[in-house]
Amino acid sequence: DIYAINADSSQRALLAKEGQTPVWSPSGDRIAFLAPPSAVAQGRALGSPYLDLHVMNADGSQRRNLTNGATGPGGILGFSWSPDGRRIAITAGGAIYEANADGSRL
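Keep in mind the model is a prediction, meaning the values are calculated, not measured.

K.L.:
Would you mind showing me how to read the pattern of salt bridges here?
P.N.:
It is possible for side chains of opposite charge to pair when their charged atoms get near one another. Within this structure, the stated rule accounts for six salt bridges. Residue D1 pairs with K17 through a salt bridge whose shortest N-O separation is 3.3 Å. One end of the pair, D1, is in the segment before β1 (2-5); the other, K17, is in the loop between β2 (12-16) and β3 (20-24), with 16 residues separating them in the sequence. Note on D1: relative accessible area 44%, which makes it partly exposed. The salt bridge partner of R86 is D84, with a shortest N-O separation of 3.7 Å. Its relative accessible area of 56% is what places R86 among the exposed residues.

Structure follows, in structure tokens:
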């Protein structure tokens, strides 16, 4: 799970269930992270051996799955925001992918 916690630990908010490896966007308004595909995504079942790349707003709203299994069962090895925060580079299955952070292209 991914939580946001104030530096003084005064408040904790759950942002995403089953998320891991969160990385803030350069502007700090979005978070990219890895998570299992949903049960309905592309007809795949939960428990799939790979993770998809997701992006959400910093408050946990507007979650989008950017890869939807397109990188294959080998899994995502890493990802990095572009300096302007509009794109994300993804390494998976021996290849490098580029995705728009709004989910419009992989």
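K.L.:
What exactly am I supposed to notice about the nonpolar core here?
P.N.:
The nonpolar side chains of soluble globular proteins are, as a tendency, buried together. Counting 13 residues, the largest nonpolar core has A32, L53, F79, I88 and I90 as its most contacted members. Counting only elements with at least two residues in this core, the list comes to β4 (30-35), β5 (52-57), β7 (76-81) and β8 (87-92). The contact partners of L53, leaving out residues within four places of it in the chain, are A32, F33, L34, R64, N65, L66, T67, I76, F79, I88 and I90. Ranked by size, the runner-up nonpolar core spans seven residues in total, among them A16, I31, F33 and M56.

K.L.:
Mind showing me how you'd approach the sheet that holds β5 here?
P.N.:
Across a sheet, strands are paired by hydrogen bonds formed along the backbone, either parallel or antiparallel in direction. Strand order in this open sheet of four strands is β3-β4-β5-β6, and the pairing throughout is antiparallel. Sheet topology places β3 and β6 (64-65) at the edges, where each strand pairs with a single neighbour.

The rules behind each value
- Residues numbered from 1 in each chain as written.
- Predicted model: local features only at pLDDT ≥ 70, side-chain atom pairs only at ≥ 80, totals over all residues.
- Heavy atoms only, no water.
- Salt bridge = Lys/Arg side-chain N within 4 Å of Asp/Glu carboxyl O.
- Helix = DSSP H or I, 4+ residues; strand = E, 2+ residues; numbered from the N terminus.
- Buried < 20%, exposed > 50% of the residue type's maximum accessible area, 1.4 Å probe, protein only.
- Core = buried A, V, L, I, M, F, W, Y, C linked by side-chain atoms within 4.5 Å.
- Contact = heavy atoms within 4.5 Å.
- Pairing = 2+ DSSP bridges.

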